[in-house]
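Each chain, letter by letter, is given below.
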Amino acid sequence: MIEIINYLKARYLSEKAQGMVEYALIVALVVGIAVVAFNGGLKNSVSSAFGHASTAIESVSQGN
């Protein structure tokens, strides 16, 4: 009976730990992608696009 209990403890505890490790890896991957995206060229591209849109809206509203 003790062998069965030890087996079940080992099985469920190891699965719980595996789930936590998988979750941590996914979070690390998402954070890594976000850091690369916003510190890289994406930040400048988005800023430039909003600047061009703002300029276009101002020129249309002024009637040019």
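What comes next concerns the included structure. The structure presented is a predicted model; accordingly, all values stated were derived computationally and were not measured. (Residues numbered from 1 in each chain as written. Predicted model: local features only at pLDDT ≥ 70, side-chain atom pairs only at ≥ 80, totals over all residues. Heavy atoms only, no water.)

## As for the overall build of the protein chain
Inference 1: Across its full length, the protein chain holds two helices and zero strands.
Inference 2: Split into buried and exposed, the 64 residues of the protein chain put 2% on the buried side.
Inference 3: Carbon and sulfur atoms make up 69% of the accessible area of the protein chain, which totals about 5800 Å². (Helix = DSSP H or I, 4+ residues; strand = E, 2+ residues; numbered from the N terminus. Buried < 20%, exposed > 50% of the residue type's maximum accessible area, 1.4 Å probe, protein only. Areas by Shrake-Rupley, 256 points an atom, 1.4 Å probe, with all protein chains shown as cover.)

## Structural notes on a nonpolar patch on the surface
Inference 1: The grouping of Met-1, Ile-4, Ile-5, Tyr-7 and Leu-8 at the surface amounts to a nonpolar patch, some 560 Å² of accessible area in total.
Inference 2: Summarising the element assignment, Met-1 is placed in the segment before helix 1 (2–39).
Inference 3: Note on Met-1: relative accessible area 75%, which makes it exposed. (Patch = residues over 30% accessible without salt bridge, like charges linked within 9 Å, V, L, I, M, F, W, Y side chains within 5 Å. Salt bridge = Lys/Arg side-chain N within 4 Å of Asp/Glu carboxyl O.)

Remember, this is a structural readout, not a statement about activity or role.
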